[in-house]
Amino acid sequence: MATYVAAAILARSADGGVVVAVVLLVTMSGGSGALAGIMAACVTAPHLMGPFVARRIDTSADPRRFIAAACGVFAVVFTVAILGFDDLPKSVVGVLLAIAGACGPLLTGGLSSQLSGLVGPDRTSQRRAHGWDVATYGLGGTIGPSLVAGLASAYSALWGAVAIAAAAAASTVFTLMLPKPVSHVGNPSAVPSAWGIFTLMITDSRLRRTLYMTMMVAFGVASLPIAAVYLAPVLGVQAASAALLTAAYGVGNLAGSGGVMLRPLLGSPDQGMARFAAFLAIAVSLVALSGIGSFSMAVITYFVAGAINAYFFAATLAARTEYAPVLGKGQVYLWVGAMKIAAGSAGTAVAGVLVVGSWQWPLFLAIAVLATAPLLSVLDRNNAKS
């Protein structure tokens, strides 16, 4: 587990910090905001290709090597892209960044798909491991951008980008140090295709609920950082203080993952996802109410929302592990991850439009979506039983 945690934190720091590194590299070299957005999209959009490369995880006798290769390719092509940013045509840089972005899902969901084979088969061990995995996402999402910003401020944007490439390269080493998993693959042709797995996820009620609840929660919580920027002035503090709110959310996420480690989730992941989605709806309602309170109240509500989301994420990891077919687990992990990213991006875009009217509007929409998720789950579950 220690080796896995090291590999995962490094890989997710690289994936979490790459967009910040690209944006800073463009803007600090005099590039336009439009160019920064295009280059960032070159990195993020290919994450949606994850499910179509994930079959290699399920057909491989040793998926460690495939995932480690993805980390290595990410490190190499991203290094070439940043070192050649001023000299190479921007179209070539964009292609290189897209290749790095296509490796991203393997640094996140690809690694997660290997976790169940590293711990005991009993439910407690599996779910405690999910707590560790949630923590690596939280740490990676915090360390990566912070490291990039710190190095860019102290030295240059290039050094921040180099640190991202180095993290991915180091993750390659730790991934190869993981114990070789037991292969369940007999005939690789028996492993379903990407579309076959997607069809299964739509027809299997448990996987279907895992997919749409993950997407709805990702859409909902994406409004929180947007709302934070506009909430801070309402409470009489500078807009820059919004960083404290998002930091409180991140600390809450880490606290929640620690809670899962200390006391692993009990019961059905299916019901757990619905329960935590409902709790998130309540937490975001408290965030919306904090506008008539104080800044400290807002910090507390963001912390609570982050902690509950960690529990929800752990429940989705348990659902992917327990409900996915043996010969398609990697693809299920990456399908859910890809759709989560798409839903989160949509949530951010919608929140950015709505917040112009009022800082509360994106939160009201988020509350509605989050409250609908458990209701849909209950109706879906009851319909599947009848």
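The coordinates are above.
Reading guide: rules and limits
Residues numbered from 1 in each chain as written. Predicted model: local features only at pLDDT ≥ 70, side-chain atom pairs only at ≥ 80, totals over all residues. Heavy atoms only, no water. Helix = DSSP H or I, 4+ residues; strand = E, 2+ residues; numbered from the N terminus. Rg over C-alpha atoms; globule rule 2.2 N^0.38 Å. Buried < 20%, exposed > 50% of the residue type's maximum accessible area, 1.4 Å probe, protein only. Contact = heavy atoms within 4.5 Å. Areas by Shrake-Rupley, 256 points an atom, 1.4 Å probe, with all protein chains shown as cover. Lys, Arg positive; Asp, Glu negative; His and termini not counted. Charge placed at Lys NZ, Arg CZ, Asp CG, Glu CD. Axes fitted to C-alpha atoms, helices over the stretch in contact; angles between N-to-C directions. Parallel < 35°, antiparallel > 145°, perpendicular 65-115°, else oblique. Left-handed = near helix turned anticlockwise from the far one by under 90°. Patch = residues over 30% accessible without salt bridge, like charges linked within 9 Å, V, L, I, M, F, W, Y side chains within 5 Å. Salt bridge = Lys/Arg side-chain N within 4 Å of Asp/Glu carboxyl O. Expected span 1.5 Å × (residues − 1). Bend = angle between axes of the 7 residues up to and from the residue. Nonpolar A, V, L, I, M, F, W, Y, C, P; charged D, E, K, R; others polar. Disulfide = S-S within 2.5 Å. Phe/Tyr/Trp six-rings, centres within 6.5 Å; stacked < 30°, edge-to-face > 60°. Lys NZ or Arg CZ within 6 Å of the ring centre and 35° of its normal.

**Q** Quick question: what am I supposed to make of the overall build of the protein here?
**A** Counting its secondary structure elements, the protein contains 16 helices and 0 strands. Computed over C-alpha atoms, the radius of gyration of the protein comes to 20 Å, within 12% of the 21 Å expected from 2.2 N^0.38 for 386 residues, which places it in the range of a compact globule. Principal axes of the C-alpha set define a box for the protein whose edges measure 60 × 60 × 35 Å. With 386 residues in all, the protein has 51% of them scored as buried. Within the protein, residue pairs in contact and separated by at least 24 positions form 83% of the contacts whose partners lie at least 6 positions apart. When the accessible surface of the protein is summed, it comes to about 15,500 Å², and 71% of that surface belongs to carbon and sulfur atoms. Distance from the positive charge centre (20 side chains) to the negative charge centre (11 side chains) of the protein: 7 Å.

**Q** Please clarify how the environment of A68 should be interpreted in this entry.
**A** With respect to the helices and strands, the residue A68 is situated in helix 5 (residues 63-83). The spatial distance from the C-alpha of A68 to the C-alpha of L107 is 8.5 Å, given a sequence separation of 39 residues. Setting aside residues no more than four positions away along its own chain, A68 makes contact with T172, T175 and L176.

**Q** Would you mind going over the packing of helix 7 (residues 123-154) against helix 8 (residues 157-177) with me for this structure?
**A** If you want to describe how two helices pack, look at the angle between their axes and the distance between the axes. Between helix 7 and helix 8, the shortest axis-to-axis distance is 6 Å and the interhelical angle comes to 150°. Taken together, the axis directions place helix 7 and helix 8 in an arrangement best described as roughly antiparallel. Crossing handedness for the pair helix 7 and helix 8: right-handed. Side by side, helix 7 and helix 8 meet where G144, L147, V148, L151 and A152 of the first sit next to A157, W159, G160, A163 and I164 of the second.

**Q** Explain a nonpolar patch on the surface to me, please; I cannot follow it from the model alone.
**A** On the surface, a nonpolar cluster with roughly 570 Å² of combined accessible area is contributed by F279, I282, L286, L289, I292 and M297. With 4 residues, helix 13 (residues 269-289) is the largest single contributor of residues to the nonpolar patch. The topology assignment puts F279 in helix 13.

**Q** Could you clarify how one ought to interpret helix 6 (residues 90-112) in this entry?
**A** Since there are 3.6 residues in each turn of an α-helix, residues three or four apart along the chain are aligned in direction. Between the first and last C-alpha of helix 6 there are 33 Å, a value that for 23 residues agrees with the 33 Å anticipated at 1.5 Å per step. A maximum bend of about 25° is found in helix 6 at C103, where proline P105 lies one to four positions downstream.

**Q** Even after reading the chapter, I still don't get the packing of helix 5 against helix 6, so can you show me in this structure?
**A** Two elements in contact, helix 5 and helix 6, have axes separated by 8 Å at closest approach and are oriented at 150°. It follows that helix 5 is roughly antiparallel to helix 6 by the angle criterion. Two packed elements cross with a definite hand, and for helix 5 against helix 6 that hand is left-handed. Between helix 5 and helix 6, the residues in contact are F66, I67, A70, C71, V73, F74, V77, F78, V80 and A81 and V93, L96, L97, I99, A100, C103, L106, L107, G110 and L111, respectively. When grouped by side-chain class, the residues that make up the contact of helix 5 with helix 6 number 19 nonpolar, 1 polar and no charged.

**Q** Honestly, the pattern of salt bridges in this entry has me stumped. Any pointers?
**A** Any two side chains of opposite charge can pair, so long as their charged atoms come close to each other. Evaluation of the coordinates by the stated rule reveals 10 salt bridges. The closest approach of N and O atoms between D380 and R208, which form a salt bridge, is 2.7 Å. One end of the pair, D380, is in helix 16 (residues 361-385); the other, R208, is in helix 10 (residues 205-221), with 172 residues separating them in the sequence. Linking D270 and R381 is a salt bridge whose minimum nitrogen-to-oxygen distance equals 3.6 Å. With D270 in helix 13 and R381 in helix 16, the pair connects residues that are 111 residues apart, well separated along the chain. Overlapping salt bridges, with partners in common, bring together R208, R209, D270, D380 and R381 in one network.

**Q** When you look at the state of the cysteines in this model, what are you seeing that I'm missing?
**A** Disulfide: a covalent bond connecting the sulfur atoms of a pair of cysteines. The final tally for this structure, using the stated rule, is 0 disulfides. Left unpaired, C42 is separated from the closest cysteine sulfur, that of C103, by 14 Å. Considering cysteine sulfurs only, C71 is the nearest to C103, which forms no disulfide, with 8.3 Å between them.

**Q** What am I meant to see in the environment of L10 here?
**A** In this structure, L10 sits in helix 1 (residues 2-28). Judged by its relative accessible area of 23%, L10 is partly exposed. With 330 residues separating them in the primary sequence, L10 and K340 have C-alpha atoms 21 Å apart. Here L10 is in contact with A167, A170, S171 and F174, once residues within four sequence places are set aside.

**Q** Even after reading the chapter, I still don't get the packing of aromatic side chains, so can you show me in this structure?
**A** Both the distance between ring centres and the angle between the ring planes are used here to describe each pair of aromatic rings. For the coordinates displayed, the defined rule picks out 9 aromatic pairs. Between F52 and W195 the ring centres are 5.5 Å apart and the planes differ by 65°, which places this aromatic pair in the edge-to-face class. Taken together, the residues F52 in helix 3 (residues 50-53) and W195 in helix 9 (residues 194-203) connect sequence positions 143 residues apart. With relative accessibility at 36%, the residue F52 sits in the partly exposed group. Between F276 and F279 the ring centres are 6.2 Å apart and the planes differ by 65°, which places this aromatic pair in the edge-to-face class. Residue F276 and its partner F279 are both found in helix 13; the two are separated by 3 residues, about one turn of the helix. You can call F276 buried: its relative accessible area is 10%. According to the relative accessible area criterion, F279 is partly exposed, its value standing at 37%. Of note, R12 hangs over the ring of Y137, and the distance from its end group to the ring centre comes to 3.9 Å. The positively charged end of R275 is found above the aromatic ring belonging to F276, 5.2 Å away from the centroid.

Interpretation in functional terms is not warranted from these geometric data alone.
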